[in-house]
Amino acid sequence: MNSNDIKLSIQNLDMVYKVDESISRKRHITALDDVSLDIKSSEFVSLLGPSGCGKSTLLMIAGGLYQQTGGKISMDGQEITEPGFNRGIVFQDFAIFPWLTVSANIRFGMRMKGIPREEQNETITKLLNLVELKGFENIYPYRLSGGMKQRVGIARALAFDPELMLMDEPFGALDAQTRASLQRLLVQVWMETQKTILFVTHSVREAAYLSDRIVVMSPRPGKIADEIVVDLPRPRSVLSVEFLDLEKRIAESLSNVIGQKDGESIWVTD
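Criteria and thresholds
- Residues numbered from 1 in each chain as written.
- Predicted model: local features only at pLDDT ≥ 70, side-chain atom pairs only at ≥ 80, totals over all residues.
- Heavy atoms only, no water.
- Helix = DSSP H or I, 4+ residues; strand = E, 2+ residues; numbered from the N terminus.
- Rg over C-alpha atoms; globule rule 2.2 N^0.38 Å.
- Buried < 20%, exposed > 50% of the residue type's maximum accessible area, 1.4 Å probe, protein only.
- Contact = heavy atoms within 4.5 Å.
- Areas by Shrake-Rupley, 256 points an atom, 1.4 Å probe, with all protein chains shown as cover.
- Lys, Arg positive; Asp, Glu negative; His and termini not counted.
- Charge placed at Lys NZ, Arg CZ, Asp CG, Glu CD.
- Axes fitted to C-alpha atoms, helices over the stretch in contact; angles between N-to-C directions.
- Parallel < 35°, antiparallel > 145°, perpendicular 65-115°, else oblique.
- Left-handed = near helix turned anticlockwise from the far one by under 90°.
- Nonpolar A, V, L, I, M, F, W, Y, C, P; charged D, E, K, R; others polar.
- Phe/Tyr/Trp six-rings, centres within 6.5 Å; stacked < 30°, edge-to-face > 60°.
- Polar contact = N/O pair within 3.5 Å; in protein donor to acceptor, adjacent residues only side chain to side chain.
- Pairing = 2+ DSSP bridges.
- Expected span 1.5 Å × (residues − 1).

Enquirer: Even after reading the chapter, I still don't get the overall build of the protein chain, so can you show me in this structure?
Expert: Secondary structure assignment for the protein chain yields seven helices and ten strands. Taking 2.2 N^0.38 as the reference for a compact globule, 270 residues should give roughly 18 Å; the C-alpha atoms of the protein chain span a radius of gyration of 19 Å, in line with that estimate. Here the protein chain holds 270 residues, and 49% of them are scored as buried. Summarising the internal contacts of the protein chain: among those between residues at least 6 apart in sequence, 68% fall at separations of at least 24. Accessible area of the protein chain: about 13200 Å², with a carbon and sulfur share of 48%. Positive and negative charge centroids in the protein chain, built from 31 and 35 side chains respectively, lie 5 Å apart.

Here you go:
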């Protein structure tokens, strides 16, 4: 991989938590152990693995919200030590402001970044169309469905034009139909914006449908156990023979990682 193409570089990353078990006793839990990963500009990479394997921890370190205990993580050659406007984050729990309308939520990051008001308005109009929320700009979140709230979250993360999108199981709390709809939307958004995306999921099908590359992580302590390059063109049909073969290959890799003999029970997780 040409170093000039690398957007996010993770080198020998460790993360050890100190847990207070009592007043005088502390326990150390290793969440990540010697993780190294390079992500190219405009690449869609998914982190896949069992619960507790450090997927979200790695994402939070990339966002500058957690500080690793060892190793280095950098973006465009600059070490990440704190949050920044060059990264946008979308969480699972619809982390939008309930006291702001849809348009005000999307505007928030742009205001903080100091983007001129006229440019803000143009961006809001464009993003409302992109995430299919035109006509809902003056609605408050309590009147929106879960899927619509997550559309707002995606639009808000895109609004200040970050170079890297970090997405932590953003569709995990949604029903299957809404989830599939937002997966299709995200592919459309990625194809239009060509943002670099690091995506956390526990769903084999979701990883197969969205990704250019899938990084399979081992149970804690989290390590990179396998990498699978996806060479299927977009848009992808989940019913095609090629897709089902890919899904099975990913499931078998995950089964090997977690020590499960029968991959059948884990490769359709939506």
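We are not done yet, so read on.
Enquirer: Any chance you could explain the packing of helix α2 (residues 102-113) against helix α3 (residues 117-130) here in plain terms?
Expert: Pairs of packed helices are described in terms of their axes, by the angle between the two and the distance that separates them. The interhelical angle for the contact between α2 and α3, taken along N-to-C directions, is 130 degrees, at an axis separation of 10 Å. Classified by the angle between their axes, α2 and α3 sit oblique to one another. Crossing geometry of α2 relative to α3 is assigned as right-handed. Between α2 and α3, the contacting residues are Val102, Ser103, Ile106, Arg107, Met110 and Arg111 on the first element and Arg117, Gln120, Asn121, Thr123, Ile124, Leu127 and Leu128 on the second. Considered class by class, the residues forming the contact of α2 with α3 number six nonpolar, four polar and three charged.

Enquirer: What is the right way to read α2 from this model?
Expert: Every α-helical turn comprises 3.6 residues, leaving residues that sit three or four positions apart pointing alike. Looking at α2, one finds that the buried residues are Val102, Ser103, Asn105, Ile106, Arg107, Gly109 and Met110. If you follow the buried residues of α2, they end up packed against α3 and α4 (146-159). One or two steps after α2, the chain reaches Gly114, where phi turns positive at roughly 85 degrees.

Enquirer: Looking at this model, I keep getting lost on the packing of aromatic side chains. Mind explaining?
Expert: We describe a pair of aromatic rings using the distance from one ring centre to the other and the angle between the two ring planes. Summed over the entire model, instances satisfying the criterion amount to five aromatic pairs. Taking the centre distance of 5.4 Å and the plane angle of 75 degrees together, the rings of Phe85 and Phe160 count as edge-to-face. Here the residue Phe85 occupies a position in the loop between β5 (78-79) and β6 (87-90), and Phe160 occupies one in the loop between α4 and β7 (164-168), the gap between them amounting to 75 residues. Using a relative accessible area of 11% as the deciding quantity, one classes Phe160 as buried. The interplanar angle of 65 degrees and the centroid separation of 4.7 Å between the aromatic rings of Phe97 and Phe108 together place this pair among those described as edge-to-face. Of this pair, Phe97 sits in the loop between β6 and α2 while Phe108 sits in helix α2, and the two are eleven residues apart along the sequence. Accessibility expressed as a relative area gives 21% for Phe97, which makes it partly exposed.

Enquirer: Whenever I open this one, the environment of Thr57 confuses me. Can you help?
Expert: Examined against the element boundaries, Thr57 turns out to sit in helix α1 (residues 55-62). We classify Thr57 as buried; its relative accessible area is 11%. Separated by 98 residues in the primary sequence, Thr57 and Ala155 place their C-alpha atoms 23 Å from one another. Discounting residues that sit within four places of it in the chain, Thr57 has contacts with Met15, Tyr17, Ala31, Leu32 and Tyr66. Among the polar contacts made by the side chain of Thr57, one reaches the side chain of Tyr17 at a distance of 3.0 Å.

Enquirer: In this structure, what is going on with the sheet that holds β7? I would like to understand it.
Expert: Hydrogen bonds along the backbone pair up the strands of a sheet, which may run parallel or antiparallel. Here we have six strands laid out as an open sheet, ordered β6-β7-β8-β3-β9-β10, and mixed in their pairing. Of all the strands in the sheet, just β6 and β10 (224-229) have a single pairing partner and so form its edges. Averaged over all adjacent pairs, the angle separating strand axes in this sheet is 15 degrees, with direction ignored. Inspection of the sheet shows β6 paired to β7 by four bridges, in the parallel sense. When the bridges of β7 are listed, Arg87 appears paired with Leu164. Most of the contacts of α1 go to β7, to which it runs at about 150 degrees, and overall it touches β3 (44-48), β6, β7, β8 (196-201) and β9 (213-217). Contacting β3, β9 and β10, helix α7 (residues 241-258) runs over the sheet at an angle of about 175 degrees to β10.

Enquirer: Could you clarify how one ought to interpret α7 in this entry?
Expert: Its 18 residues give α7 an end-to-end C-alpha distance of 26 Å, which sits within 8% of 26 Å, the value for a rise of 1.5 Å per residue. Looking at α7, one finds that the buried residues are Phe243, Leu246, Glu247, Ile250, Ala251, Ser253, Leu254 and Ser255. Close packing links the buried residues of α7 with β3, α6 (204-210), β9 and β10. Gly259 lies just past α7 and shows a positive phi near 75 degrees.

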